[in-house]
Amino acid sequence: MNAFTLLKNDHKKVAGLLEQIDKTTERGVKTREELFTRLKSELELHTEIEETIFYPVFEENEETRDIALEAVEEHRIVKQFLSELESLSKDEEQWTAKFTVLKENIEHHVEEEEGEMFKKARKVLSEQQIEDLGTRMEKAKADKPKAASAR
Ligand SMILES: [Fe+2]
Ligand SMILES: [Fe+2]
């Protein structure tokens, strides 16, 4: 599977979870918790393979270095939000508000990734490199202890 397809599949899975969580309310704490746990492990694994396998290729390249560095910072914000959401009580209005902001952040990040970043990637990488990166990320995912991805 090439790198773009793999990452886009992950993005789709995340988008689906975000939509599902978005429909939960302060009264549906159990469902909310369950979905959030899946979202969190999905995102942890996804950001990890991007940061260790996909982004480094861009950091090495003058033309793409800044987008990769920005993307890492965006991941940092996402992870910060995830940890705050984890400790906040799921039946609070603040949780809902914070989740909405997280969702917007992720959607924006994915848009940039699939847009600007993939476009530049096609310019600086060969077909073979894109394929190899996909294979490496696929393997890294499979080697991780199964959490959300196994369900
Ligand atoms: Fe990312
Ligand atoms: Fe991504």
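The rules we used
Residues numbered from 1 in each chain as written. Chains lettered and ligands numbered in written order. Predicted model: local features only at pLDDT ≥ 70, side-chain atom pairs only at ≥ 80, totals over all residues. Heavy atoms only, no water. Donors = N, O, S within 2.8 Å, 3.2 Å for Na, K, Ca; no water. Helix = DSSP H or I, 4+ residues; strand = E, 2+ residues; numbered from the N terminus. Buried < 20%, exposed > 50% of the residue type's maximum accessible area, 1.4 Å probe, protein only. Core = buried A, V, L, I, M, F, W, Y, C linked by side-chain atoms within 4.5 Å. Contact = heavy atoms within 4.5 Å. Axes fitted to C-alpha atoms, helices over the stretch in contact; angles between N-to-C directions. Parallel < 35°, antiparallel > 145°, perpendicular 65-115°, else oblique. Left-handed = near helix turned anticlockwise from the far one by under 90°. Expected span 1.5 Å × (residues − 1). Arc of directions from axis to C-beta. Phe/Tyr/Trp six-rings, centres within 6.5 Å; stacked < 30°, edge-to-face > 60°.

Asker: Give me the lowdown on the coordination of the iron ion (ligand 1), citing residues and values where you can.
Answerer: The protein atoms that coordinate the iron ion (ligand 1) are E50 (OE), Y55 (OH), H75 (NE2), H109 (NE2) and E113 (OE), at distances of 2.1 to 2.4 Å. When the donor residues of the iron ion (ligand 1) are listed from N- to C-terminus, their spacing reads E-x4-Y-x19-H-x33-H-x3-E. Here the iron ion (ligand 1) and the iron ion (ligand 2) are spaced 3.2 Å apart, linked through E50, which binds each one. Of this pair, H109 and E113 both sit in helix 4 (residues 93-124), four residues apart, which is roughly one turn of the helix. Comparing H109 with E113 shows no difference in burial state: the two are buried.

Asker: For the nonpolar core, give the residues involved together with the corresponding values.
Answerer: Counting residues in hydrophobic clusters, the biggest one holds 19 residues, and the most contacted among them are L7, F54, Y55, F58 and M137. Discounting residues that sit within four places of it in the chain, F58 has contacts with T64, R65, A68, M117, A121 and L125. The next biggest cluster of nonpolar side chains, apart from the first, holds 18 residues, and it includes V78, L88, L102 and V110.

Asker: Give me the lowdown on the coordination of the iron ion (ligand 2), citing residues and values where you can.
Answerer: All of the protein donors around the iron ion (ligand 2) are H11 (NE2), H46 (NE2), E50 (OE) and E113 (OE); their distances to the metal are 1.9 to 2.2 Å. Along the chain, the residues donating to the iron ion (ligand 2) are arranged with the sequence spacing H-x34-H-x3-E-x62-E. Overall, the relative accessible area of 5% leaves H46 in the buried class.

Asker: Go over the packing of helix 2 (residues 29-59) against helix 3 (residues 65-87) with me, naming the residues and quoting the values.
Answerer: Following both chains from N to C, one finds helix 2 and helix 3 inclined at 160°, their axes separated by 10 Å at the closest point. In terms of axis orientation, helix 2 runs roughly antiparallel to helix 3. Helix 3 is crossed by helix 2, and the crossing has left-handed handedness. On helix 3, the residues that touch F36, L39, K40, L43, T47, E50, E51, Y55, F58 and E59 of helix 2 are R65, A68, L69, A71, V72, H75, V78, K79, L82, L85 and E86.

Asker: Pulling in residues and values, what's your account of helix 5 (residues 127-143)?
Answerer: End to end, helix 5 covers 25 Å across 17 residues, agreeing with the expected 24 Å (1.5 Å per residue, within 8%). Within helix 5, the full set of buried residues consists of I130, L133, G134, M137 and K141. Summarising the axial view, the buried residues of helix 5 lie within an arc of 100°, below the 170-degree limit, and thus occupy one face. Helix 5 presents Q128, K139 and D143 as exposed residues on the side facing more than 90 degrees away from its buried surface. Where the residues of helix 5 are buried, they touch helix 1 (3-23) and helix 2.

Asker: Could you give an account of the environment of K79, with specific residues and numbers?
Answerer: Among the secondary structure elements, K79 is positioned in helix 3. On the basis of relative accessibility, which here comes to 35%, the residue K79 falls in the partly exposed class. Remark: the alpha-carbon pair of K79 and G134, spanning 55 residues in sequence, is separated by 23 Å. Excluding its chain neighbours within four sequence positions, the residues that come into contact with K79 are T47 and E51.

Asker: Give me the lowdown on the packing of aromatic side chains, citing residues and values where you can.
Answerer: Tallying each qualifying case throughout the model produces six aromatic pairs. Look at F4 and F118: their rings are 4.6 Å apart centre to centre, the planes differ by 40°, and that puts the pair in the tilted class. Of this pair, F4 sits in helix 1 while F118 sits in helix 4, placing them 114 residues apart in sequence. Judged on exposure class, the residue F4 and its partner F118 are both buried. Note on F36 and W95: the rings are 5.7 Å apart at their centroids and 80° apart in plane angle, and the pair reads as edge-to-face. Residue F36 is located in helix 2, and its partner W95 is located in helix 4; the two are separated by 59 residues in the primary sequence. For F36, a relative accessible area of 2% puts it in the buried group.

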